[in-house]
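Summary of structural features
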Amino acid sequence: MGRFKRTLGPAVPIAGALALWIVAVATVPAATTPAAATVTTGTQAPAQVNGYVGEETCLTCHEAQSYKGTAHAFAADERTPAATHGCESCHGPGQAHVDGGGDKTKIVNPKNLTPREASEICTTCHDRKEHALWSGSQHDSRNVGCTTCHSVHTPKGPKQLKEATEPALCVKCHANIVNKQHRFNHMPVREGELVCTSCHNVHGSANVKLLRAGTTVDESCTSCHTEKRGPYLWEHAPVAESCVTCHDPHGSNNDRMLVAKQPYLCQRCHVTSRHPPTIYDGYLLKNSSNANKIFGRSCTICHQEIHGSNSPSGKAFLR
Ligand code: HEC
Ligand code: HEC
Ligand code: HEC
Ligand code: HEC
Ligand code: HEC
Ligand code: HEC
Ligand code: HEC
Ligand code: HEC
Ligand code: HEC
Ligand code: HEC
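It should be emphasised that the depicted structure is a prediction, and the values quoted were computed from it without experimental measurement.

What to know about the overall build of the protein chain
- Check the secondary structure of the protein chain and you find 16 helices and four strands.
- A buried classification covers 31% of the 319 residues belonging to the protein chain.
- Considering only contacts within the protein chain whose residues lie at least 6 apart along the sequence, 51% involve residues at least 24 apart.
- Only carbon and sulfur atoms are counted for the fraction: they give 59% of the accessible area of the protein chain, which is about 19,800 Å².

This is how it looks when you write it as structure tokens:
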């Protein structure tokens, strides 16, 4: 109870009823998973029971709000058990609203709730699998809610998104990241081969940065680039540590989305080495022709197996 009280003002009685009703819905086990279709088959909403009037009644006045053909068309959907109430699944019992001839103070409009309050309506059903880790996730905790990204009645994109594509949605808040798609080398998001959510689960995850796979950045990368998973006979320390030490996962202006050009990339760490000299060594050994050989050349011309080697003589990642 009371979880909607903070901001609602005059609508508190309705919100209070909503909160009670949410508790009731939430305690119906597995009420909305497709698998539950075998458990319950009825589709009739319990009209006139507990203040519910049923979808048909709502649609006598609100035809425009119909969501026929969308995922929330409960009545027509065999997968949906009778425990749901069509419109009233999200708007709460509508009897008082109807009796009042459409009194808008007597019906819940999620638009008037805070994002988090609106999310609580959605998570009465969407609380499993993809959504199991929503509560307290980065978006939830910053008051970015389900209805910030989704529109049940007037979506513009797939999955009822408020924008036609993911980048168009994410750019509203993550412009710096989305704009990396315009860099010379980038993950093929712009080309449609990947979407932001290929790597991220915006609904919450067990990994850092809402990464979808694994529990470390590396596990996320190697969920697709399996050949880089290792373990190798000869490990290159930074590879085992984090791929993003050398790569920008969103895009960069260097080859292979590297965070710096070669040889500078390597020389961030390998400031001096016995062989061959780095440009810094070269600077010290004035006139060293060795130094000039390396300058401007890629270390990986020779150190080809830079992610690690399985060759017995691969200690220097030459093979
Ligand atoms: C007798 C006609 C009628 C019926 C039946 C009806 N409504 Fe309404 N509804 C209205 C009117 C009129 C408004 C107010 C429109 C306005 O003032 O903009 C309204 C407003 C709403 C609003 C917006 C409230 C707000 O704060 O802006 C929602 C949500 C809503 N109705 C949902 C429902 C649902 C769900 C049902 C079925 C349980 C339903 N209505 C049944 C007439 C009806
Ligand atoms: C899955 C949840 C859900 C279902 C089911 C649902 N609605 Fe809504 N409804 C919303 C949300 C969320 C909003 C707030 C506006 C938005 O985010 O698009 C809304 C807004 C509205 C509004 C107000 C529109 C406005 O611009 O303020 C009306 C009226 C309405 N719904 C009627 C209905 C009717 C009638 C049904 C059944 C045919 C229905 N809703 C089913 C979630 C739902
Ligand atoms: C009464 C249960 C229920 C409630 C409440 C509910 N949903 Fe759903 N939703 C479903 C079902 C059932 C489906 C279809 C099966 C699935 O995708 O899980 C669905 C599907 C969806 C989809 C996928 C659409 C697609 O085209 O694949 C989105 C997005 C969604 N819901 C968002 C919401 C949002 C946002 C809210 C809260 C405003 C909400 N839902 C509230 C039951 C519900
Ligand atoms: C930051 C934006 C964002 C927020 C916040 C968000 N979603 Fe989504 N949602 C997406 C995107 C993007 C997709 C499509 C990619 C995917 O499935 O992950 C999606 C997909 C879905 C799907 C379809 C999943 C499927 O398996 O097909 C459902 C259902 C859904 N969201 C419900 C919700 C609910 C419920 C909430 C709140 C608890 C929510 N979303 C919050 C952006 C968002
Ligand atoms: C309405 C604004 C908004 C939208 C739209 C939005 N986000 Fe976010 N996102 C945030 C906020 C705020 C945070 C929390 C940032 C923080 O904690 O520094 C966040 C956090 C994240 C994080 C985790 C960052 C971290 O440091 O852990 C990722 C990943 C992310 N969003 C991806 C996405 C993707 C992908 C989309 C589009 C599908 C999206 N977001 C849409 C506002 C938004
Ligand atoms: C190939 C996988 C991949 C794709 C595709 C991807 N990301 Fe990321 N994203 C990552 C990784 C890995 C990190 C963590 C980087 C780090 O820790 O430095 C990250 C971090 C983030 C962060 C947190 C940034 C920060 O500074 O902490 C946001 C926000 C984000 N991504 C949004 C997006 C958006 C929006 C898209 C779509 C345009 C997208 N990502 C596409 C892998 C990806
Ligand atoms: C969802 C799958 C997926 C994930 C996760 C993923 N990638 Fe990729 N990556 C791709 C695809 C698809 C391409 C483009 C196809 C190609 O050129 O092989 C690509 C391309 C690349 C390239 C450029 C390859 C080239 O030949 O230019 C690099 C470098 C790369 N990824 C590194 C990473 C890193 C680092 C991570 C983790 C932060 C990561 N990837 C996570 C799918 C993924
Ligand atoms: C020490 C820096 C460094 C780290 C850490 C690193 N890479 Fe790379 N990666 C490179 C360099 C340099 C290249 C370009 C090699 C070339 O030009 O031949 C490259 C190329 C790639 C490519 C494209 C070419 C190919 O070999 O397939 C992919 C994919 C890739 N890296 C994925 C990863 C993944 C996944 C991780 C983490 C497990 C990772 N990288 C960690 C330096 C690094
Ligand atoms: C983030 C720091 C970092 C970056 C960037 C980096 N390395 Fe390394 N590298 C290391 C560390 C740490 C070791 C292990 C050193 C040791 O065991 O003494 C290592 C080991 C090596 C070795 C084997 C050394 C030996 O003694 O057998 C070679 C060869 C090497 N790196 C080449 C490169 C090349 C080429 C690049 C650029 C593509 C590069 N490294 C980028 C940190 C880095
Ligand atoms: C012309 C081929 C070639 C190029 C280019 C090259 N290396 Fe090497 N590097 C070698 C060979 C061969 C060895 C093995 C030497 C040995 O076994 O003693 C080696 C060994 C190393 C080692 C391990 C031994 C040590 O000296 O610490 C490091 C680290 C290293 N190189 C870094 C780099 C870096 C960084 C670059 C780019 C600035 C680079 N190399 C460019 C051929 C090359």
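Let's talk about the coordination of the iron atom of ligand 8
- Protein coordination of the iron atom of ligand 8 is provided by His247 (NE2) and His307 (NE2), with donor distances spanning 2.0 Å.
- Metal-centred angles of 89 to 179° between the six donor atoms at the iron atom of ligand 8 mark the site as octahedral. In this pair, histidine 247 sits in the loop between α13 (237-241) and β3 (251-252) while histidine 307 sits in the loop between α16 (289-294) and β4 (308-309), placing the two residues 60 residues apart along the sequence.
- Owing to a relative accessible area of 25%, histidine 247 belongs among the partly exposed residues under this scheme.

Here we look at the coordination of the iron atom of ligand 2
- The protein atoms donating to the iron atom of ligand 2 are His91 (NE2) and His153 (NE2), with metal-donor distances spanning 2.0 Å.
- Considering all six donor atoms around the iron atom of ligand 2, angles at the metal cover 87 to 178° and the coordination shape is octahedral. Of this pair, histidine 91 sits in helix α4 (residues 87-91) while histidine 153 sits in the loop between α8 (146-149) and α9 (166-170), and the two are 62 residues apart along the sequence.
- Of the residues examined, histidine 91 reaches a relative accessible area of 22% and is grouped as partly exposed.

Some words on the site of ligand 5
- If you check the shell around ligand 5, you find 14 residues, and the closest are Gln138, His139, Cys170, Cys173 and His174.
- Within the contact set of ligand 5, an oxygen atom lies 2.9 Å away from a side-chain nitrogen or oxygen of glutamine 138.
- Elements represented by at least two residues in the shell around ligand 5 include exactly α7 (138-141) and α9.
- In terms of residue class, the shell around ligand 5 is built from seven nonpolar, five polar and two charged.

What about the site of ligand 2?
- Taken together, 17 residues form the shell around ligand 2, and within it Cys87, Cys90, His91, Lys111 and His153 come nearest.
- A distance of 3.4 Å is found between an oxygen atom of ligand 2 and a side-chain nitrogen or oxygen belonging to serine 151.
- Of all the elements in the fold, those that place two or more residues in the shell around ligand 2 are α3 (55-61) and α4.
- With three residues, the single largest contributor to the shell around ligand 2 is α4.
- A class-by-class count of the residues in the shell around ligand 2 yields seven nonpolar, nine polar and one charged.

Observations regarding the side chain of glutamine 181
- Relative to the helices and strands, glutamine 181 resides in the loop between α10 (175-178) and β1 (185-186).
- If we ignore the near neighbours within four places in the chain, the residues touching glutamine 181 are His186, Met187, Val189, Arg190 and His250.

Quick word on unusual backbone geometry
- Cis geometry is adopted by the peptide bond preceding proline 231, which originates at glycine 230 and carries an omega value of 0°.
- As for its placement among the helices and strands, proline 231 is situated in the loop between α12 (217-222) and β2 (234-235).

A closer look at the environment of threonine 148
- With respect to the helices and strands, the residue threonine 148 is situated in helix α8.
- Classification of threonine 148 by relative accessible area gives partly exposed; the value is 33%.
- Counting along the chain gives 21 residues from threonine 148 to leucine 169, while the straight-line C-alpha distance between them is 9.7 Å.
- Within the structure, threonine 148 has its side chain in polar contact with the backbone nitrogen of glycine 145 (distance 2.7 Å).

Digging into the nonpolar core
- Counting five residues, the largest nonpolar core is built from Val53, Cys58, Tyr67, Ala73 and Cys87.
- Non-local contacts of cysteine 87, meaning those with residues more than four positions away in its chain, are made with Glu55, Cys58 and Tyr67.

Section: the pattern of salt bridges
- The tally for this structure, following the rule as stated, stands at seven salt bridges.
- The salt bridge involving arginine 116 is made with aspartate 140; its shortest N-O contact spans 3.3 Å. Within this pair, whereas arginine 116 is found in helix α6 (residues 115-122), its partner aspartate 140 is found in helix α7, the two being separated by 24 residues in sequence.
- Since its relative accessible area comes to 31%, arginine 116 is described here as partly exposed.
- Take aspartate 140: its relative accessible area is 8%, and that puts it in the buried class.
- Across the pair aspartate 248 and lysine 180 runs a salt bridge whose closest N-O atoms are separated by 2.8 Å. Of the two residues, aspartate 248 sits in the loop between α13 and β3 while lysine 180 sits in the loop between α10 and β1, which places them 68 residues apart along the sequence. Of the two residues, aspartate 248 and lysine 180, neither departs from the other in class, the shared state being buried.

Re the confidence of the model for the protein chain
- Across the protein chain, the average pLDDT comes to 79, with 73% of residues at or above 70.
- Ranking the helices and strands of the protein chain by mean pLDDT puts α8 first, with 98, and helix α1 (residues 5-8) last, with 30.
- Within the model, pLDDT remains below 50 along residues 1-21, and this stretch shows 34 contacts once partners closer than five positions in the same chain are excluded.
- Scored below 50 in pLDDT, residues 76-83 makes 17 contacts in the model with residues more than four places away or belonging to other chains.

Calculation rules
Residues numbered from 1 in each chain as written. Chains lettered and ligands numbered in written order. Predicted model: local features only at pLDDT ≥ 70, side-chain atom pairs only at ≥ 80, totals over all residues. Heavy atoms only, no water. Helix = DSSP H or I, 4+ residues; strand = E, 2+ residues; numbered from the N terminus. Buried < 20%, exposed > 50% of the residue type's maximum accessible area, 1.4 Å probe, protein only. Contact = heavy atoms within 4.5 Å. Areas by Shrake-Rupley, 256 points an atom, 1.4 Å probe, with all protein chains shown as cover. Donors = N, O, S within 2.8 Å, 3.2 Å for Na, K, Ca; no water. Tetrahedral: all angles 85-135°; square planar, octahedral: opposite > 155°, others 65-115°. Near = heavy atom within 4 Å. Polar contact = N/O pair within 3.5 Å; in protein donor to acceptor, adjacent residues only side chain to side chain. Nonpolar A, V, L, I, M, F, W, Y, C, P; charged D, E, K, R; others polar. Core = buried A, V, L, I, M, F, W, Y, C linked by side-chain atoms within 4.5 Å. Salt bridge = Lys/Arg side-chain N within 4 Å of Asp/Glu carboxyl O. pLDDT = per-residue confidence, 0-100.

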